[in-house]
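The primary structure of each chain is shown beneath.
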Amino acid sequence: MMELKEIQRLEGHTDKVWSLAWNPTTGHAGIPLVFASCSGDKTVRIWEQNLSSGLWACTAVLDETHTRTVRSCAWSPSGKLLATASFDATTAIWENVGGDFECVSTLEGHENEVKCVSWNAAGTLLATCSRDKSVWIWEVLPGNEFECVSVLQGHSQDVKMVKWHPTEDILFSCSYDNSVKVWADEGDSDDWQCVQTLGEPNNGHTSTVWALSFNVSGDKMVTCSDDLTLKVWETESVGTQSGGGFAPWTHLCTLSGYHDRTIFSVHWSREGIFASGAADNAIRLFVDDNESQVGGPLYKLLLKKEKAHDMDINSVQWSPGEKPVLASASDDGTIKVWELTSY
Amino acid sequence: MSEKFSAALRIGDLNDYIAPSQACIVSLKGLKKNDKPEVSIANKQVNFEPVKISLKDCLACSGCVTSAETVMLEKQSLDEFLNNINSGKAVIVSLSPQSRASIAVHFGISPIQAFKKLTRFFKSLGVKAVFDTSCSRDLTLVESCVEFITRYRQNQLVDDERSKSSLPMIASACPGWICYAEKQLGSFVLPYISSVKSPQQTVGAIIKNYVCQELGLRPEEVYHVTVMPCYDKKLEAARDDFVFQFESHVEGLESEINMISEVDSVLTTGEVLELIQSKEVDFKSLEETPLDKILTNINEEGYLYGVHGSSGGYAETIFRYAAKTLFGRQIDDPLTFRNIRNSDFQEVTLEVEGKTVLKFALCYGFRNLQNIVRKLKNGKCDYHFLEIMACPSGCLNGGGQIKPNSGQSPKELSQLLESVYMENVLVASPFDNPIIKGLYDKWLEQPGSVKARRYMHTQYHPVEKSITSQLHNW
C-alpha cells in the first residue's frame, strides 16, 4: 500500500498561497531542493532544504515589488531567474544574486490581473496570461531584457494558465471559456497562431479549465476543471517529426467520479504519477492502470489524502531530484511537503 | 466582445465584466449637471426629453462597456447614413485611399475606376458630393512636417531633460493607438503624440468649417460620412474634441447654439460592400462619374496623386522634409527601410558626417507597439519619429477592410492591396498640392499658424480608471 506522508508544514505567508514552483536545477548532486511560493500577501518566499535535517526553511522573502496578489511563479530552466505573475498586471523577473533576489525586469502590457507565467524548455521564451483574455509571448534577450514577440487573442474569457510543452516550442493555455488552446509559430506566417482548440466539441471540458500538465516524454497531457473531471490527451510522434507540421492532440480518457469539488491543480511526475489538488482540501494521486481490461479505464486512483489542508488546495507540484517529493499550496496560508511511501 | 476592433482596443478597452458599483461618470455633453433639486410649481405640464447616454459616451469612458455595445456601434452607421439621405440633409462622403484600394481589389478594377464607380453609386443614393481623404491627409502631413521641425529644433536647443521629452514624435492618425495611449499609458506618452488631427478629422474640419461656408450651407444641414478601413475610426469620430459649437442666425429667430460634429458617422469598407450588395448593384458595370474636385487629389490629366506609404506615409514624408529642411539633403530616391524584428517594424536613418541625425520607424501591430512603449518607459528609445499603427501590416489591413476570398490567404491579400494602392497614382509632395495651397491661401493662412492650429490640431486626455474597477481579486 502507498501512503502520502506529511514531511513538513511550512508557515510564513499571511494570506492564501496560490502557487509554488521547484527550482529545476536543485535536488541533484548534493544540491538542496529549493522552491518558491507566492501568495495573496503580495510576497514570494524562497524555501531551501537543509540537507542534514531534510527540512525546508524560508531563506528569502521577495516583497515590496508587487502591489497585489502574486498568483504564479516559475523558475527559468537555468534556475537563475524567477518569474512572478501578479494581479497588479505585471510580471516581475527576479535574479538570484548570491542568495539575494533582485528584481531585474518588470513586464507590463496586460490590462489587468496576470494569472500565470511559464518558461519554455530552452529558457528563451516566456509566456504570460491574464484576465484580459490574452496570452503574451516574450523573448528573453541578453542583459535581462525582454521583448514582446506576440500578443495572442483567441480565448473568450479569463486565461487561467499557460504552459510550454516540455520539449517543443508549443504553448498551451487553458481558460474560463472551457477550452485549452494550442499555439505554435508556424513557419509561413510571421506570428504565433492557434493551431488547435480542445473544447467541448472534441471531448473537452464543460467548465473552466484550471491547469494542465505533461508526462515526462511530452506525448500525454492531463487537464483539470470545474467540471470535476481530469482529462488525458495524447499526441503522436513528439520530437520525431522531421520538419512536419504540428501533431494534433486527441482525447484519450476522462477521469470522473473521483472529485467532489473544483480541481485547481494537476501535475504529472517523472515516474508517471499525477497529483490533483482540489477545493475539497484533498490530494489525489493517479497512476496507469496496467491491469485494465480492454475498454476499461486507463488510469486508476492510487490514493486519496483527505484533509491534506484545512482549505482549498491551489497548487500541487512534484519536485525534481532522484526521490521526488510533492509540495502543496493552500488557501489556509500554508505549504506542505509530502513523501510518497509504501508500507 | 467584437473581433472587429484592433487589438489595442480589444485589450485595453472592451470588457464583458462589469465591476460592482460602477458609477456612471459620463459627463452630459452640452448639459451641465445641476446638483440642486428643483421643485416646479407651475400649473402647466412640461414635457422634458429624457437625457440619453449615447454609445459614444460609454465608449469614451473607462468603465462598464461590454461587447454588446460594440455590436450596436457596428450596426448603427449604415442605417443612420441612409436615414440622413432620406431626411433631406446634404450628405457628403469622404473616401479613404485604403478603402478605395480594398474595393478595387475586390472587384478587380483600378483605384480610380473604383473611386468613380463609388461616386456614381453614392450619388445614385442621393449623396451630394464624394471627396478623397488623400487630400486632407496632405494637409495633415504638411502640419505634421512643420510640427516635427519645431520639436526637433526645440530638442536640439534645450539641454534639460523635460524639454527633450518632445521626441520621438508619434503619429496621431491611428485611433486604436490613441485610445490605447489615453487609457493604458496616460500622461507619460501623450506628450509625444503629434497634435495634428488625422485625415478623417481634418477633412471633417475642412468641410464643416470652410466648405459649408463657401457653398452657403449651414453645418447642421450637412451630414458628413467617412469611409474608412477600420472600426476604430468610429470611435475617433465620436470624440468630444471633434465636436464644435456653431452659432447660426436664422432670420427672425434668436441665434441658437448647435453642436456640430466634424464627422457624423463612419462606414467601414466592408459596410460599403454590404450596402452595394444589398442594393443589388452590378458594381463593375456601373458607369464612372466625374469626381468632385474640391477635395480630391486628381490632377488635370485625370490621374490620382498622393504620397508613398499605405498607412498614410507619415514617416516617409516627414523624413524627406526633415532631411531637406534641417540638413539640406534632398532625397528623391526611394527610402530604404530596414526590418528590425519583423516586417511590421522597420526603420530608416539619415547620417550626416558619420552621425545618425534622423532615425524614423514604422511600428505596426500590437506586439511591436508594446516593445516601443517599453523602450519609451525605460528611456531607451532613440527614435525621432514613430509611425505607430495598431493593425498588423498597417491600415490596408484594418479590421474594417474586405476579407480575403476563399482560397486567398491574408498575406496574399495584403500584398495585392499594397500593389494596387499606388497603381496609376502619381507621387507628389503634399506641399505641392494645389488644393492644400488654396486652403492655406484662402483660409488657414500658413502651416503652423494660429488658425491652422485651431482647426487642424487636437488634444489627448489621459483616462483615469475608477477605483471600483480595480478592486476585484481572484
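As shown above, the structure is provided for reference.
All chains use their own residue numbering, which begins from 1 and follows the written sequence. Written order decides the labels, with chains lettered from A and ligands numbered from 1. Totals for whole chains, interfaces and linings use all residues, but because this is a predicted model, local features are given only for residues with pLDDT of at least 70 and pairs of side-chain atoms are given and counted only at 80 or more. With hydrogens and water stripped out, all remaining heavy atoms of the structure feed into the side-chain values.

Trainee: Can you lay out the overall build of chain A for me, pointing to particular residues and giving the numbers?
Mentor: Where helices and strands are cited, they refer to DSSP runs of H or I of at least four residues and of E of at least two residues respectively, numbered from the N terminus. Tallying secondary structure elements over chain A gives zero helices and 28 strands in all. Note on exposure labels: buried denotes an accessible area under 20% of the residue type's maximum, exposed denotes more than 50%, and partly exposed covers the range between, all computed with a 1.4 Å probe on protein chains only. Within chain A, buried positions represent 60% of all 343 residues. Any pair of residues with heavy atoms lying within 4.5 Å of one another is described as a contacting pair. Considering only residue pairs separated by 6 or more positions, chain A has 49% of its internal contacts joining residues 24 or more positions apart. When the accessible surface of chain A is totalled, it reaches about 13200 Å², and 46% of it is carbon and sulfur. Only the protein chains shown count as covering a residue, and every accessible area follows the Shrake-Rupley method with a 1.4 Å probe.

Trainee: Outline the sheet that holds strand S8 (residues 91-97) of chain A, listing residues and values.
Mentor: Residues and elements named next belong to chain A. The four strands lie next to each other as S6-S7-S8-S9, forming an open sheet whose pairing is antiparallel. Each end of this open sheet is capped by a strand with a single partner; those strands are strand S6 (70-75) and strand S9 (100-107). Going across the sheet, the axis of each strand differs from the next one's by a mean of 25°, ignoring polarity. Should DSSP find at least two bridges between two strands, the strands are regarded as paired. Every angle, taken between N-to-C directions, lies between 0 and 180 degrees, and every axis is a line fitted to C-alpha atoms, over only the stretch in contact when it is a helix.

Trainee: Can you break down empty space enclosed by the protein residue by residue, with the values?
Mentor: Residue and element names in this part refer to chain B. Of the two site types, the cavity is a set of points on a 1 Å grid over the protein atoms alone where a 1.4 Å probe fits but cannot get out, and the pocket is an open set with protein on both sides within 12 Å along at least five of seven lines, each lined by residues with an atom within 4 Å of a point. Grid points are joined across faces, edges and corners, and a volume is the space filled by probe spheres set on the points. Applying the stated criterion to the full structure yields four cavities of 30 Å³ or more. Taken together, 25 residues line the largest cavity, and the ones lying closest to its centre are Gln98, Ala173, Pro229, Lys233 and Cys395. Gly is placed with the polar residues, together with every amino acid not listed as nonpolar (Ala, Val, Leu, Ile, Met, Phe, Trp, Tyr, Cys and Pro) or charged (Asp, Glu, Lys and Arg). Grouping the constituent residues of the lining of the largest cavity by class yields 13 nonpolar, nine polar and three charged. Segmentation of the chain into domains, including their bounds, is taken from an automatic or database domain assignment. Two domains each donate at least three residues to the lining of the largest cavity, and these are domain 1 (66-133 + 198-295) and domain 2 (137-196 + 304-396 + 409-454).

Trainee: Describe the pairing of strand S7 (residues 81-86) of chain A, and please don't skip the residues or the numbers.
Mentor: Consecutive residues of a regular strand have side chains that alternate between opposite faces of the sheet. All names here are of chain A. Of all six residues in S7, six are buried; the element is thus mostly enclosed. With five bridges connecting them, S6 and S7 associate as antiparallel partners. Note that in S7 the partner of Val70 across the bridge is Ser86. Between S6 and S7, which follow one another and run antiparallel, lie five residues, and Gly79 among them has a positive phi close to 75°. Where S7 and S8 come together, five bridges link them in antiparallel fashion. Paired with Ala85 across the bridge in S8 is Thr91. Two successive antiparallel strands, S7 and S8, enclose a turn made up of four residues, where Ala89 displays a positive phi of approximately 80°.

Trainee: Summarise the packing of aromatic side chains; cite the residues concerned and give the values.
Mentor: All names here are of chain B. Only centres within 6.5 Å qualify two rings of Phe, Tyr or Trp (six-membered ring in Trp) as a pair; their planes then separate them into stacked at under 30 degrees, edge-to-face at over 60, and tilted for everything else. The final tally for this structure, using the stated rule, is 32 aromatic pairs over all chains. Ring plane angle 20° and centroid distance 5.1 Å describe the contact between Tyr210 and Trp443, whose orientation is recorded as stacked. Here Trp443 lies in helix H14 (residues 434-444) and Tyr210 lies in helix H8 (residues 199-215), a separation of 233 residues in the sequence. Here Tyr210 and Trp443 have matching classes, each one buried. With a centroid separation of 4.6 Å and an interplanar angle of 5°, the aromatic rings of Tyr321 and Phe431 are classed as stacked. Taken together, the positions of Tyr321 in helix H11 (residues 314-327) and Phe431 in the loop between strand S13 (425-427) and H14 put the pair 110 residues apart, joining distant regions of the chain. In this structure Tyr321 comes out as partly exposed when scored by relative accessible area, which is 24%. For Phe431, a relative accessible area of 24% corresponds to the partly exposed category. Charges are assigned to positions over rings by a cutoff of 6 Å between ring centre and Lys NZ or Arg CZ, combined with an angular limit of 35 degrees from the ring normal. Over the aromatic face of Tyr383 sits the side chain of Lys359, whose NZ or CZ is 5.0 Å from the ring centroid.

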